[in-house]
Amino acid sequence: MNKKQLEAAQKAMVRWLAHPNELGREPERIECAGTFDLHEMHYYYFKYRKDPSAPWLLGVCGGYEGDGLEHCGHVFSRMEEYDEATAVEQATALVEQVREFWMNEAKRWEERGAHTGLFVGFVLLKEAAWDKDRLLRDLGEKWGVDVKGETSEGGIALGFSADGLTVGVVLVPAPMLNDEAVEGAEFNYFWPGAVEAAKAHKAHLVVTVAGSGKERLLERGKLLVKVLACCCGQENATGVYTSGVVFEPEFYADLAEVMKDGRLPVMNWIWFGLYPGEQGFCCYTFGMDVFGKDEMEVLDVDAEPADLRAFLSGLAVYVLENDVVLNDGETIGFSEDDKHAITRSKGVSLPGMTLKIAY
């Protein structure tokens, strides 16, 4: 048995269990119970317990290639009791479950990447009711949007054009399918009440902005933000689901105000995810692909989370504002002494290919 690889696997298993969404703390005790090989990769399975009187539970970590110390992300536990007779079978099933999840995520990511120019957002409602007249009025008064060709179907759907773009707003008298909003709410570190709001919504508005092909992306994105910001003023609005995250309505509307100063509403468009890595903090973008750009990541750096987010958001503004294409092997910087290497490779925080930016 590779002792260094085992130590790395056990540390990774402990970190996973300590996450607030899992066990919530390090286990009182953990032991490697065995190993197995699957899909040409090596795995370690563990038994652990929360406290001395608790039963042993099963976890798995892998896969490892050869003598490598980096696992491929298959770290998981369903908090099921450990049974020596079936441990390998159970651990194998856990790996297959994780593999299936990430394969589905990769497929979803590829499909999502193919939808450049598809601008859509969702407004969560506590009741299946909204005021379309107020929405149109707010668009004119707050943003100077000149609404033309208005069409509506009772209180269900609204369509209009503005500046050559087509806007659609549809009321769906039911929560979003498959708990998508609830899952997205878990990522919002700005709003502790996001999950509760997402779970409580009874209906939602679907807002879309369409144009011709992949042109005028920034204009379409701005108009979407304006419509969503005005929807935040609806009496029944409890959240805005966009870029994979649920925002607090007032917070989202406040972020949109930067457009009145001529700035891009990047914080409305892009979610900047933050999480602790093995050697420091990591940050990633979610939403750049709608503008036909690669998502970006900064990995394992010794920096304050707020500074890391500001760094990556500044790069996002630069890329979108100047329609820049970043390529593997290049560097990016804002002065001769400020150079950051770019590597394009398989995503760490996200499925698919991403740009890794040196901090």
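Here, every reference points to the structure presented above.
Residues numbered from 1 in each chain as written. Predicted model: local features only at pLDDT ≥ 70, side-chain atom pairs only at ≥ 80, totals over all residues. Heavy atoms only, no water.

Some words on the sheet that holds strand E15 (residues 331-335)
Taken together, the 6 strands give an open sheet; going across it, the order is E12-E13-E14-E17-E16-E15, and neighbouring strands pair in mixed fashion. In this open sheet, the two edge strands, each paired with only one partner strand, are strand E12 (271-276) and E15. Each neighbouring strand pair of the sheet contributes to a mean axis angle of 25°, computed without reference to strand direction. Sheet topology note: the strand E13 (residues 281-286)/strand E14 (residues 296-301) ladder contains 3 bridges and is antiparallel. Its bridge partner being in E14, Tyr284 is matched across the sheet by Glu297. Against the sheet, helix H9 (residues 305-321) contacts E12, E13, E14, E15, strand E16 (338-346) and strand E17 (353-357), and its axis sits at roughly 30° relative to E13. (Pairing = 2+ DSSP bridges. Helix = DSSP H or I, 4+ residues; strand = E, 2+ residues; numbered from the N terminus. Axes fitted to C-alpha atoms, helices over the stretch in contact; angles between N-to-C directions. Contact = heavy atoms within 4.5 Å.)

Some thoughts on the nonpolar core
Judged by nonpolar contacts, the single largest core of 69 residues is most densely connected at Val169, Val227, Met296 and Ile357. In terms of residues, this core owes the most to one element, helix H6 (residues 217-231), which gives 9 residues. Val169 has contacts with Trp130, Leu135, Ile156, Ala157, Leu158, Leu205, Val206, Val207 and Val227, leaving out every residue within four places of it along the chain. Of all hydrophobic cores here, the second largest spans 31 residues; its members include Val14, Tyr45, Val75 and Tyr82. (Core = buried A, V, L, I, M, F, W, Y, C linked by side-chain atoms within 4.5 Å. Buried < 20%, exposed > 50% of the residue type's maximum accessible area, 1.4 Å probe, protein only.)

Focus: the packing of helix H3 (residues 132-143) against H6
Geometrically, a packed helix pair is captured by the angle between its two axes and the distance between the axes. One can describe the packing of H3 onto H6 by two numbers: an axis separation of 9 Å at closest approach and a directional angle of 120°. Remark: the crossing between H3 and H6 carries right-handed chirality. Here Leu135, Asp138, Leu139 and Trp143 of H3 lie close against H6, whose contacting residues are Lys226, Val227, Ala229, Cys230 and Cys231. Tallied by class, the residues present in the contact of H3 with H6 amount to 7 nonpolar, no polar and 2 charged. (Left-handed = near helix turned anticlockwise from the far one by under 90°. Nonpolar A, V, L, I, M, F, W, Y, C, P; charged D, E, K, R; others polar.)

Some remarks on the packing of H6 against helix H7 (residues 249-256)
Axis separation between H6 and H7 bottoms out at 9 Å; the angle between their running directions is 140°. Here H6 is positioned oblique relative to H7, judged by the angle of their axes. The two elements H6 and H7 cross, and the hand of that crossing is left-handed. Touching Val225, Leu228 and Ala229 of H6 are Tyr252, Ala253 and Ala256, all from H7. Tallied by class, the residues present in the contact of H6 with H7 amount to 6 nonpolar, no polar and no charged. (Parallel < 35°, antiparallel > 145°, perpendicular 65-115°, else oblique.)

Structural notes on the packing of aromatic side chains
Considering all chains together, one arrives at 15 aromatic pairs under this definition. An angle of 80° between the planes, with centres 5.8 Å apart, marks the rings of Phe247 and Trp271 as edge-to-face. Of the two residues, Phe247 sits in strand E11 (residues 245-247) while Trp271 sits in strand E12, which places them 24 residues apart along the sequence. Aromatic ring contacts, followed pair by pair, group Tyr189, Phe190, Phe247, Phe251, Tyr252 and Trp271 into a single cluster. Lying across the ring of Trp56, Lys47 places its NZ or CZ 4.9 Å from the centre. The ring of Trp143 carries Lys260 above its face, with NZ or CZ at 4.9 Å from the centroid. (Phe/Tyr/Trp six-rings, centres within 6.5 Å; stacked < 30°, edge-to-face > 60°. Lys NZ or Arg CZ within 6 Å of the ring centre and 35° of its normal.)

Observations concerning H3
Counted at 1.5 Å a residue, the expected span for H3 with its 12 residues is 16 Å, and the 16 Å between its end C-alpha atoms agrees. For H3, every residue scored as buried is listed here: Lys132, Leu135, Leu136, Asp138, Leu139 and Trp143. The buried residues of H3 occupy an angular sector of 160° when projected down its axis, which confines them to one face. In this structure, the buried residues of H3 make contact with strand E6 (148-153), strand E7 (157-162), strand E8 (165-172), H6 and H7. One or two steps after H3, the chain reaches Gly144, where phi turns positive at roughly 65°. (Expected span 1.5 Å × (residues − 1). Arc of directions from axis to C-beta.)

Let's talk about the environment of Leu326
Structurally, Leu326 can be placed in the loop between H9 and E15. Separated by 156 residues in the primary sequence, Leu326 and Val170 have C-alpha atoms spaced 37 Å apart. The residues touching Leu326, leaving out its near neighbours within four places in the chain, are Met296, Val319, Ile332, Ile342 and Leu355.

Quick notes on the pairing of E17
Of all 5 residues in E17, 4 are buried, a share of seventy percent or more. Of the pairings in the sheet, the one linking E14 to E17 comprises 2 bridges and is parallel in character. Paired with Met296 across the bridge in E17 is Leu355. With 5 bridges connecting them, E16 and E17 associate as antiparallel partners.

A short note on the sheet that holds E6
With antiparallel pairing, the 7 strands of this open sheet are ordered in space as E6-E7-E8-E9-E5-E10-E11. Only two strands of the sheet have a single partner each, and these edge strands are E6 and E11. Adjacent strand axes in the sheet meet at a mean angle of 20°, parallel and antiparallel pairs treated alike. Against the sheet, H3 engages E6, E7 and E8, with an angle of about 15° to E7.

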